[in-house]
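# Fold and contact review
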2 protein chains.
Amino acid sequence: MKNNTKRASILEALEQLIINGEGNQCSVSDIARKAGIGKSTTYYYFSSKEEIFDALIEQTYSDIIKQCESTVHIPSVSSVEKIKILFETYFSSKLVMPLDQYLHQPENAYIHQKSLAKILTSLTPILSGIIKQGIEDHTFFCEYPTESAELLLSEYCFLFDPGLFSWTSEELQRKYTFLAKAWELILGAPQNSFSFLIIK
Amino acid sequence: MKNNTKRASILEALEQLIINGEGNQCSVSDIARKAGIGKSTTYYYFSSKEEIFDALIEQTYSDIIKQCESTVHIPSVSSVEKIKILFETYFSSKLVMPLDQYLHQPENAYIHQKSLAKILTSLTPILSGIIKQGIEDHTFFCEYPTESAELLLSEYCFLFDPGLFSWTSEELQRKYTFLAKAWELILGAPQNSFSFLIIK
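Source: prediction; values computed, not measured.

Glancing now at the overall build of chain A. What chain A contains, in helices and strands, is 9 helices and 0 strands. Along the chain direction, N to C, the helices and strands of chain A fall in the order α-α-α-α-α-α-α-α-α. Based on the C-alpha atoms only, the size of chain A along its principal axes is roughly 60 × 40 × 25 Å. Expressed as a percentage of the 200 residues in chain A, the buried residues total 49%. Within chain A, contacts between residues at least 6 apart in sequence are counted, and of these 63% link residues at least 24 apart. With 18 positive and 24 negative side-chain charges, chain A shows a separation of 6 Å between the mean positions of the two kinds.

Rendered as structure tokens:
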């Protein structure tokens, strides 16, 4: 097994254990056994189970961000449409449920926090790139594309995180309806450009 | 010593230890000794050092929020002026530096996360109350006072948290300049209403 394959197998083994509901009780030995790799070899790559989980989350989000990045490069698509595709891509490729639940456990709060910051700093240039396209073709009127992207993504990363807040479906619907309006105001976009954000 | 006095003494003892730079190494016994209370009595109130710290942060932010709440009830002050006072009150009464640094350590990430959520949910009704006053007297034109408050506070709680992001002073200045404009757009406020947000 090549080195990068071994590392990937360790991450995959932990992911599988979490999906099987064994995330809490499994040890580094269990992860090594599942990966078919010696325990000492596993410790060569990672010093603790927490470090493996950190790397797994890091890699999972990198994959999601890469998928999102590809949306900016679709030719002949309007800026509003690209924002729609960006959001659909992000939400459809989010963590699988058991991984997400494990990430939201109190003892993983630091890794969770880092992942939220990573999402914001990675999605900001992608979204602001789309906003700049919209400014150039006069769809948007906005002096601060980067800061606008950050403001709008802050809400997604923070207020809509189910580990931090529990909103009812009515509250969420109202928040999304407002957000469609807020995006319009912040980006100086034509009326109802962002009605796709509203939950039906 | 009365019961609530004992509890308060325990919190005060941990706060003092953190301020003295002994936050990391002190044990529940050290906290009890500093408070002049028996170790077993301390365990009657709290099951761990983490629980004491959690209660200390909870209480400190409750005090800060109470101070902020009083700003809504100042008579004959305009809504814009009240928002200014609210922000000045919040920023001047934030955690003392050593407590803030201790809160930002990785092992306290869960307590930190809870405190951010508490700030948002506590400041939202205060800020939206002020926004509603501004809507009534026709200073603001805004259909969603609660959701607007949440969007703007999300940025303060998340993007401006020094434990999550490290911005340069130039980046911060640009973010605040944008925010003054964003507040104006979201709240439908007269031009330059929020120029007090801009760092000089």
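Bringing the nonpolar core into the picture now. Core analysis: the largest hydrophobic core is formed by 130 residues, its most contacted members being Phe53, Trp183 and Phe194 of chain A together with Phe53 and Trp183 of chain B. Apart from residues lying up to four places away in sequence, Phe53 of chain A is in contact with Leu14, Ile18, Leu99, Tyr102, Leu103, Asn108 and Ile111 of chain A.

Tallied over the entire structure, the rule returns 14 salt bridges over all chains. The closest approach of N and O atoms between Arg33 of chain A and Asp30 of chain A, which form a salt bridge, is 3.1 Å. Taken together, the positions of Arg33 of chain A and Asp30 of chain A, both in helix 2 (residues 28–35) and 3 residues apart, correspond to about one turn of that helix. The class of Arg33 of chain A is exposed, set by a relative accessible area of 61%. For Arg174 of chain A, the salt bridge is made with Glu147 of chain B, and the minimal N-O distance between the two is 3.0 Å. Separated into two different chains, Arg174 of chain A in helix 9 (residues 169–187) and Glu147 of chain B in helix 8 (residues 145–159) make up a pair that spans both.

For the rest of this paragraph, the subject is the packing of aromatic side chains. According to the stated counting rule, one finds 35 aromatic pairs over all chains in the structure shown. Pairing Phe158 of chain A with Phe165 of chain A gives two aromatic rings, centres 5.4 Å apart and planes at 85 degrees, and the pair type is edge-to-face. Phe165 of chain A carries the same exposure label as Phe158 of chain A, and that label is buried. Their ring planes at 20 degrees and their centres at 5.9 Å tell us that Phe158 of chain A and Phe158 of chain B sit as a pair that is stacked. With Phe158 of chain A in helix 8 (residues 145–159) and Phe158 of chain B in helix 8, the pair connects residues from two separate chains.

Each side of the interface is counted separately: chain A has 31 residues, and chain B has 31 residues. In total, about 3200 Å² of surface goes out of reach between chain A and chain B, with carbon and sulfur atoms giving 71% of it. Counting every contact that joins chain A to chain B gives 4 salt bridges. Linking chain A with chain B are 8 residue pairs in polar contact (both at pLDDT 80 or more). No other element matches the 9 residues that helix 8 of chain A contributes to the side of chain A that touches chain B.

A word on unusual backbone geometry. Its identity as a non-glycine residue notwithstanding, Ser76 of chain A has a phi of 55 degrees, on the positive side. Phi at His138 of chain B takes a positive value of approximately 65 degrees, unusual for a residue other than glycine. By relative accessible area, His138 of chain B is classed as exposed at 61%.

Attention now goes to the environment of Phe91 of chain B. Residues and elements named next belong to chain B. Position of Phe91 relative to the elements: it lies in helix 5 (residues 79–92). You can call Phe91 partly exposed: its relative accessible area is 36%. Residues Phe91 and Ile64 lie 27 residues apart in sequence; the distance between their C-alpha atoms is 9.5 Å. Setting aside its immediate chain neighbours within four residues, Phe91 contacts Tyr156 and Tyr176.

Before going further, it helps to spend a moment on the relation of the copies chain A and chain B. Overlaying chain A on chain B yields an RMSD of 0.0 Å, the required transformation being a rotation through 180 degrees with an accompanying axial translation of 0.0 Å. Given the turn and translation reported, the copies of this chain are related as if by a two-fold rotation axis. When C-alpha positions in chain A are compared against the rotation axis, the closest is assigned to Ala109 of chain A, at 2.6 Å. The overlap is high: 100% of the interface residues of chain A also sit at the interface in chain B, so the same surface is used on both sides.

Let's shift gears to the side chain of Ser193 of chain B. All names here are of chain B. Among the structural elements, Ser193 can be located in the segment after helix 9 (169–187). At 2.6 Å, the side chain of Ser193 forms a polar contact with the backbone oxygen of Pro190. With residues up to four places along the chain from it excluded, the contact list for Ser193 reads Val80 and Glu184.

Attention now moves to the environment of Ala182 of chain A. Assignment of secondary structure puts Ala182 of chain A in helix 9. Its relative accessible area of 0% is what places Ala182 of chain A among the buried residues. Sequence separation of Ala182 of chain A and Phe53 of chain A is 129 residues, and the distance between their C-alpha atoms is 36 Å. Excluding its chain neighbours within four sequence positions, the residues that come into contact with Ala182 of chain A are Leu151 and Ile186 of chain B.

Moving on, we come to helix 5 of chain B. All names here are of chain B. Compared with the 20 Å implied by 1.5 Å per residue over 14 residues, the 20 Å span of helix 5 between its first and last C-alpha is a close match. Taken together, the buried positions of helix 5 are occupied by Ser79, Val80, Lys82, Ile83, Leu86, Phe87, Thr89 and Tyr90. The inward-facing, buried residues of helix 5 abut helix 4 (49–72), helix 7 (109–136), helix 8 and helix 9.

What follows covers the packing of helix 1 (residues 3–19) of chain B against helix 2 (residues 28–35) of chain B. Residue and element names in this part refer to chain B. Viewed as axis vectors pointing N to C, helix 1 and helix 2 meet at an angle of 110 degrees, and their least axial separation amounts to 8 Å. As the angle between them shows, helix 1 and helix 2 are arranged roughly perpendicular. When helix 1 is examined against helix 2, the residues Ser9, Ile10, Ala13, Leu14, Gln16 and Leu17 are found in contact with a partner set consisting of Asp30, Ile31, Lys34 and Ala35. Looking at side-chain class alone, the contact of helix 1 with helix 2 contains 6 nonpolar, 2 polar and 2 charged residues.

Reading the values: the criteria
- Residues numbered from 1 in each chain as written.
- Chains lettered and ligands numbered in written order.
- Predicted model: local features only at pLDDT ≥ 70, side-chain atom pairs only at ≥ 80, totals over all residues.
- Heavy atoms only, no water.
- Helix = DSSP H or I, 4+ residues; strand = E, 2+ residues; numbered from the N terminus.
- Buried < 20%, exposed > 50% of the residue type's maximum accessible area, 1.4 Å probe, protein only.
- Contact = heavy atoms within 4.5 Å.
- Lys, Arg positive; Asp, Glu negative; His and termini not counted.
- Charge placed at Lys NZ, Arg CZ, Asp CG, Glu CD.
- Core = buried A, V, L, I, M, F, W, Y, C linked by side-chain atoms within 4.5 Å.
- Salt bridge = Lys/Arg side-chain N within 4 Å of Asp/Glu carboxyl O.
- Phe/Tyr/Trp six-rings, centres within 6.5 Å; stacked < 30°, edge-to-face > 60°.
- Buried area = accessible area lost by both parts, 1.4 Å probe.
- Polar contact = N/O pair within 3.5 Å; in protein donor to acceptor, adjacent residues only side chain to side chain.
- Least-squares fit on C-alpha atoms with pLDDT ≥ 70 in both.
- Expected span 1.5 Å × (residues − 1).
- Axes fitted to C-alpha atoms, helices over the stretch in contact; angles between N-to-C directions.
- Parallel < 35°, antiparallel > 145°, perpendicular 65-115°, else oblique.
- Nonpolar A, V, L, I, M, F, W, Y, C, P; charged D, E, K, R; others polar.

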